[in-house]
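# Secondary and tertiary structure notes
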Amino acid sequence: MKIMKFGGTSVASAERINHVAKLITATSEPKVIVLSAMAGTTNQLVDIAAELVQRDSIVAKDLIEELKEKYLMETQKLFPKAECFHAVWKKLDQTFFFLENMCKVSNFTLFDEKRVLAQGELMSVAMMLQHLEDLGHKACWLPALDYMRTDKKAEPDETYIELHLRRLMQRSPQDVQLFVTEGYICKNAYGDIDNLQRGGSDYTASLIGAALKAEEIQIWTDIDGMHNNDPRVVEETVPVRRLHFEEAAELAYFGAKILHPTCIQPAKKNNIPVRLLNTMEPDKPGTLISNDTDKDQIKAVAAKDGLTMIKVKSSHMLVSWVFMRRLLQVFEHYQISIDMITSSEVGVSVCVEIWDELPELLADLRKLGEVSVEEHMTIICVVGDMEWENVGFETQVLEALRDIPVRMISYGASDYNLSVLVRQSDKRNALISLSNHLFASSKQ
Ligand code: ADP
Ligand code: ASP
Ligand code: MG
């Protein structure tokens, strides 16, 4: 069994949906196809929900109308036969009927918002199933809302997912080898519609792969695998052919948008390889993520913006281990993840995502010592075979950054990563310089 997940740009138009349909039916091996919403749809649904929260139903209606126009246009192209067009609109009408009704409710709740956000994936699956039927292929729908569930801690309920997913598949006709399901959407522990966070369709694919002990999880997108630097910032990046699970997890967490950070964990736990592939160039090798890795190399660089550095200089009234414990307790209290931490005899610096309750957090930290803050910071994460006994890699990274002020350096917590904190305004130069120093020989 293979899991094939297609992102928003892969199903962005009638033409692309047709292309994906051809790709998934080219071989007869069993597969689960995970679909995202068409590119732009979830953003539009977010905007619609925001207007409904503000109780501006006039703007919300216009946005819904705009969305409907887009789906009318694409479905006219994808379903030229009237009966097929009507069949798919029986499903799509449910979405637009629901959205239009939401404009009439007086109290638009958080639950309603989640239901609104779920519509994009539901529509993609409806269109794909109808198109596959029109092409004469047998496929079976696996409704994500019937098996994808989170627990009371908002973590995926792996036991529930496996049991219900397998049950659904067993109940499907024996001769069906092609299953289609929605990415991103799920129900929570209380049975309300929820989601796995923006970009979470990758996570759906990985959770399904783990539940079914799949032979491979494929993430199909608009680029030929994980590149060695951020292609949105740096020109002439090239794909990395092989990555270790840990390397991919670091890159995804620190800004490589191609992969949702949560996606690696279920695959790694079950040792299922993840392959990143390009929908528009399916013959390209892409990137294989597994437990194997190419040693003695720096593989790639990624960057995460929007960070704040907080330095706490100990007041020396607390012995160092008590100071550290108290400091971490403050972050625990506010449920803030620390992205980077460095320490010295006099104090500790941490780097966190910007967050609304920062003034309260800072007030609590001031009880421990003198606090200073720097906003608009970026973590640059360099990933590769960074084992401490490999000499020279740290020097290469720092040499590349010789002209850029570095605020923090983190190394040694993982065998795969060295991270530095720089000003957001220096990010571009830092990424370009790292590419020039580390990957000059691999440029195409
Ligand atoms: P999808 O809609 O298929 O989920 P995403 O937009 O989430 O696609 O991810 C693909 C995008 O990730 C690419 O178009 C690329 O701009 C961006 N990206 C950022 N960093 C990297 C990287 N290191 N390698 C490849 N793509 C990257
Ligand atoms: N459609 C959702 C989003 O845009 C989920 C995904 O594409 O992975 O965030
Ligand atoms: Mg994505």
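Look a little higher up for the structure.
Below or above, wherever it landed, is the structure these notes cover. Because the structure is a prediction, the values reported are computed rather than measured.

The rules behind these values
- Residues numbered from 1 in each chain as written.
- Chains lettered and ligands numbered in written order.
- Predicted model: local features only at pLDDT ≥ 70, side-chain atom pairs only at ≥ 80, totals over all residues.
- Heavy atoms only, no water.
- Pairing = 2+ DSSP bridges.
- Helix = DSSP H or I, 4+ residues; strand = E, 2+ residues; numbered from the N terminus.
- Axes fitted to C-alpha atoms, helices over the stretch in contact; angles between N-to-C directions.
- Parallel < 35°, antiparallel > 145°, perpendicular 65-115°, else oblique.
- Left-handed = near helix turned anticlockwise from the far one by under 90°.
- Contact = heavy atoms within 4.5 Å.
- Nonpolar A, V, L, I, M, F, W, Y, C, P; charged D, E, K, R; others polar.
- Core = buried A, V, L, I, M, F, W, Y, C linked by side-chain atoms within 4.5 Å.
- Buried < 20%, exposed > 50% of the residue type's maximum accessible area, 1.4 Å probe, protein only.
- Near = heavy atom within 4 Å.
- Polar contact = N/O pair within 3.5 Å; in protein donor to acceptor, adjacent residues only side chain to side chain.
- Areas by Shrake-Rupley, 256 points an atom, 1.4 Å probe, with all protein chains shown as cover.
- Patch = residues over 30% accessible without salt bridge, like charges linked within 9 Å, V, L, I, M, F, W, Y side chains within 5 Å.
- Salt bridge = Lys/Arg side-chain N within 4 Å of Asp/Glu carboxyl O.

### Thoughts on the sheet that holds strand 3 (residues 140–142)
Judged by pairing direction, the sheet is mixed, and its 8 strands sit side by side in the order 3-4-2-1-7-9-10-8 without closing on themselves. Bordering the open sheet on either side are strand 3 and strand 8 (242–244), each of which pairs with just one other strand. Ignoring which end each strand starts from, the neighbouring axes of this sheet average 25° apart. Bridge count for strand 7 (residues 216–221) against strand 9 (residues 274–278) is 5 bridges, and the pairing is parallel. Bridge pairing in strand 9 links Gln 218 to Arg 275.

### Some points on the packing of helix 4 (residues 82–102) against helix 5 (residues 110–117)
Two elements in contact, helix 4 and helix 5, have axes whose closest approach is 11 Å; the angle formed by their N-to-C orientations is 150°. Between helix 4 and helix 5, the interaxial angle falls into the category roughly antiparallel. Classified by chirality, the crossing of helix 5 by helix 4 is left-handed. Counting all contacts with helix 4, which are made through Phe 98, Leu 99 and Met 102, the residues of helix 5 involved are Asp 112, Arg 115 and Val 116. Classifying every residue of the contact of helix 4 with helix 5 gives 4 nonpolar, no polar and 2 charged.

### Some words on the packing of helix 5 against helix 6 (residues 119–134)
To characterise two packed helices, one gives the angle between the axes of the helices and the distance between these axes. Where helix 5 contacts helix 6, the axes come no closer than 5 Å and their chain directions differ by 30°. Judged by the angle between their axes, helix 5 and helix 6 are roughly parallel. In this structure, helix 5 uses Arg 115, Val 116 and Leu 117 to contact helix 6, whose residues at the interface are Gln 119, Gly 120 and Glu 121. Of the residues belonging to the contact of helix 5 with helix 6, the class tally is 2 nonpolar, 2 polar and 2 charged.

### Considering the nonpolar core
Counting 105 residues, the largest nonpolar core has Phe 6 and Leu 259 as the members making the most contacts within it. Ranked by the residues each element gives to this core, the list is headed by helix 4, at 9 residues. Excluding residues within four positions of it along the chain, Leu 259 makes contact with Asp 202, Ile 219, Ala 248, Ala 252, Ile 264, Leu 276 and Ile 289.

### Remarks on the site of ligand 1
Neighbouring ligand 1 are 17 residues; Lys 5, Thr 221, Asp 222, His 227 and Lys 257 lie closest to it. Between ligand 1 and Thr 221, the relevant distance is 2.7 Å, taken from an oxygen atom to a side-chain nitrogen or oxygen of the residue. Residue Ile 258 places a main-chain N or O atom 3.3 Å away from an oxygen atom belonging to ligand 1. Against a free-state accessible area of 580 Å², the protein chains account for coverage of 85% of ligand 1. Its residues assigned to classes, the shell around ligand 1 shows 5 nonpolar, 7 polar and 5 charged.

### Section: a nonpolar patch on the surface
Nonpolar side chains collect at one region of the surface, where Trp 388, Leu 398, Val 406, Ile 409 and Tyr 411 lie side by side and expose about 480 Å² of accessible area between them. Checked against the element boundaries, Val 406 lands in strand 15 (residues 406–411).

### Some points on the pattern of salt bridges
Inspection of the entire model under this criterion finds 24 salt bridges. Put simply, Lys 5 and Asp 202 hold a salt bridge, and the shortest N to O gap is 2.6 Å. Pair noted here: Lys 5 is in strand 1 (residues 2–6) and Asp 202 is in helix 8 (residues 201–212), with a separation of 197 residues, a long-range link. With relative accessibility at 8%, the residue Lys 5 sits in the buried group. Among the ionic contacts, a cluster of salt bridges with common partners joins Glu 162, Arg 166 and Lys 213.

### Some remarks on the site of ligand 2
Surrounding ligand 2, one finds Ser 36, Ala 37, Thr 42, Glu 121, Tyr 184, Arg 198, Gly 199, Gly 200 and Ser 201. Ser 36 is positioned such that a nitrogen or oxygen atom in its side chain is 3.1 Å from an oxygen atom of ligand 2. Note that a nitrogen atom of ligand 2 is positioned 2.6 Å from one of the side-chain N or O atoms of Glu 121. Burial of ligand 2 by the surrounding chains reaches 86%, relative to a free accessible area of 260 Å². Among the residues forming the shell around ligand 2, the class breakdown is 2 nonpolar, 5 polar and 2 charged.

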